[in-house]
Amino acid sequence: MLIGLVVQHFLAKYLTLDEYGVYVLMFSWIGLLSVFSLNSFNTIVTKASAQNYPRFFKTASKVCFLFSLLSSIALLIIGFFFEPERLNLFIVLAIFFPFYGGINLADSYFIGASKFNKYSIYMITSQCIIAGLQILSVVFLHGIFWLLFFTLLGTSVINLVMTFFIYRGIKQEKDYKKEQELTKYGIQLTGVGIFSSIASRIQYVLLASLAGTATLAIYAVAQLIPEKIKGLIKGVLNPPSMHLASQKKEESIYLMRKLILPLLLFGIGVGLLVSLFLPIIINLVFGQKYHEAIIYSLVLLVPVIFIPINAMFSSIIIYHDYKRFYTKITIITNILQIILFIVLIPLFQIWGVILAIVGLAVINTLLNLVWFYRLPIYPNKKTILTMRKGLKVKGYETIYFDEKLNGENILKVIGADYLFCKEKYPIWTRIIGKLSNIKNI
């Protein structure tokens, strides 16, 4: 996130409002057409790796690369017939798209395999390289063309290198039955994802066409920090998400019931904390010409509150194959969002986008909660959290933890049913236990 803000500072300083808006618009077209690269296969690669079948990374990389060629064709058609004044930019997008959007599964593989150290190194290193290229191109070469060219070139080379090394390192034998199941699931998610791709990017295209690229630039700055925070939260929640994915369905549901209140409080806390610093950050990074974006950005922080709980719901929905509900909620919410954008943006421009996004965040959370609390409650063993090794209690299962504040121990605390009254637990344990409704015994 910090690397991104440094880059945005240079973009805001060296690009005009219109140039910045065009830059955002180009990546919006990439987002709209990402469905052709089967971007839902990222989720399937994570699922396969989490469930001990990393071999699917090879198949997914081949399939996604080949299908992404369709996006290149679509970009050329748009450039030639609908955006001839920006044809050179669309040609650049078309050339690099298969490498930019087609073989970008490395992060999904690392997350699913719980290789979080490698994931962190990969993400930070790649972002530093791309950021350096962006800053050098905008400072010394000027203009949108070279900025776009070097951004896509750097990302494409990194994707190629990472895909090659991961591909070479996977020695697992191919399971044809599992390959068919996972491929079929990926195609199903892609079908549903058509609406997601449109809903996530159509507002940029509409704003640019109805209000101009300068207005689009203001909105792009307004949504940048909230979106970065959402990504940061999802990254923080990757380990517990993979924990839920690796558990049995009934155990994941049981644990999620205890996580709901802590996750909501976490979201509220992050939202409030960011809102204190957001005006300072926007003025510092983007300068006075983007001051108007502050009020929009503060309102866009509202959906941040619901990101933790919805991210964990998604882990259960996707990784434990609740396909019917996933299909329904995705299609309904995305179609509703597209309709709201089409209706509200011509009337209210940026406020129309914000009203749609905030309203959909609330609706999506309510639908997830209703669905979740209608799931059957599975019987569960009564567990006691203890700091004494080898402790046995008749009628209970004991969970040993070593008092250290880390991810593994936090999950152990949340998953327990009881604390011993006579044991001296760390303060953090009792706080999390209280939030997770753990009883004393």
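Before reading further, recall that the structure is shown in the block above.
Below is a summary of the structure that appears in this document.

1. Things to note about the packing of helix H11 (residues 238–246) against helix H14 (residues 307–319)
Running from N to C, H11 and H14 point in directions that differ by 30 degrees, and their axes come no closer than 9 Å. On the basis of the axis angle, H11 is roughly parallel to H14. Between H11 and H14 lies a crossing of right-handed hand. Along its contact with H11, which presents Pro240, Ser241, Met242, Leu244 and Ala245, the element H14 presents Ala311, Met312, Ser315, Ile316 and Tyr319. Tallied by class, residues from the contact of H11 with H14 come to 8 nonpolar, 2 polar and no charged.

2. Description of the environment of phenylalanine 348
Relative to the assigned elements, phenylalanine 348 resides in helix H15 (residues 323–348). Distance from phenylalanine 348 to glycine 4, taken between C-alpha atoms, is 29 Å for residues 344 residues apart in sequence.

3. Regarding the sheet that holds strand S1 (residues 383–386)
The strand order S2-S1-S3-S4 describes an open sheet built from 4 strands, whose pairing is parallel. Each edge of the open sheet is held by one strand with a lone partner, namely strand S2 (397–400) and strand S4 (439–440). Pairing between strand S3 (residues 418–419) and S4: 2 bridges, direction parallel. In the sheet register, tyrosine 418 faces S4, and the bridge partner there is lysine 439.

4. Let's talk about the packing of H14 against helix H16 (residues 350–373)
Packing of H14 against H16 leaves a shortest axis separation of 10 Å and a crossing angle of 45 degrees. Judged on the interaxial angle alone, H16 and H14 are oblique. With respect to the hand of their crossing, H14 and H16 are arranged in left-handed fashion. Together, Ile309, Asn310, Phe313, Ile316 and Ile317 of H14 and Ala361, Asn364, Thr365, Asn368, Leu369, Trp371 and Phe372 of H16 make up the contact between the two elements.

5. Quick notes on the nonpolar core
Side chains that are nonpolar tend, in soluble globular proteins, to be buried together. Tyr20 and Met256 are the most contacted members of the largest nonpolar core, which has 144 residues in total. Ranked by the residues each element gives to this core, the list is headed by helix H12 (residues 249–286), at 12 residues. Every residue in contact with tyrosine 20, bar those within four places of it in the chain, is listed here: Gln8, Leu11, Leu15, Ala217, Ala220, Val221, Phe286 and Tyr290.

6. Structural notes on the side chain of threonine 333
By secondary structure assignment, the location of threonine 333 is in helix H15. Among the polar contacts listed, one links the side chain of threonine 333 to the backbone oxygen of threonine 330, at a separation of 3.4 Å. Discounting residues that sit within four places of it in the chain, threonine 333 has contacts with Leu360, Asn364 and Leu367.

7. Quick word on the packing of aromatic side chains
Aromatic rings in a pair are described by how distant their centres are and how their planes are angled relative to each other. The full count for this structure, using the stated rule, is 28 aromatic pairs. Considering the side-chain rings of phenylalanine 145 and phenylalanine 149, the 6.4 Å spacing of their centres and the 15 degrees angle between planes classify their relative orientation as stacked. Pair noted here: phenylalanine 145 and phenylalanine 149 are both in helix H8 (residues 144–169), with a separation of 4 residues, about one helical turn. Accessibility expressed as a relative area gives 23% for phenylalanine 149, which makes it partly exposed.

8. Some thoughts on the pairing of S1
Side chains Thr383 and Leu385 project from S1 onto one buried face, and the interleaved Ile384 and Thr386 project onto a second face that is buried too. Two strands pair when backbone bridges link them, and S1 and S2 are joined in this way by 4 bridges, in the parallel orientation. Bridge pairing links leucine 385 to isoleucine 399 in S2. Bridging between S1 and S3 involves 2 bridges; their strand directions are parallel. Residue pairing across strands places leucine 385 opposite leucine 419, the latter belonging to S3.

Calculation criteria
Residues numbered from 1 in each chain as written. Predicted model: local features only at pLDDT ≥ 70, side-chain atom pairs only at ≥ 80, totals over all residues. Heavy atoms only, no water. Axes fitted to C-alpha atoms, helices over the stretch in contact; angles between N-to-C directions. Helix = DSSP H or I, 4+ residues; strand = E, 2+ residues; numbered from the N terminus. Parallel < 35°, antiparallel > 145°, perpendicular 65-115°, else oblique. Left-handed = near helix turned anticlockwise from the far one by under 90°. Contact = heavy atoms within 4.5 Å. Nonpolar A, V, L, I, M, F, W, Y, C, P; charged D, E, K, R; others polar. Pairing = 2+ DSSP bridges. Core = buried A, V, L, I, M, F, W, Y, C linked by side-chain atoms within 4.5 Å. Buried < 20%, exposed > 50% of the residue type's maximum accessible area, 1.4 Å probe, protein only. Polar contact = N/O pair within 3.5 Å; in protein donor to acceptor, adjacent residues only side chain to side chain. Phe/Tyr/Trp six-rings, centres within 6.5 Å; stacked < 30°, edge-to-face > 60°.

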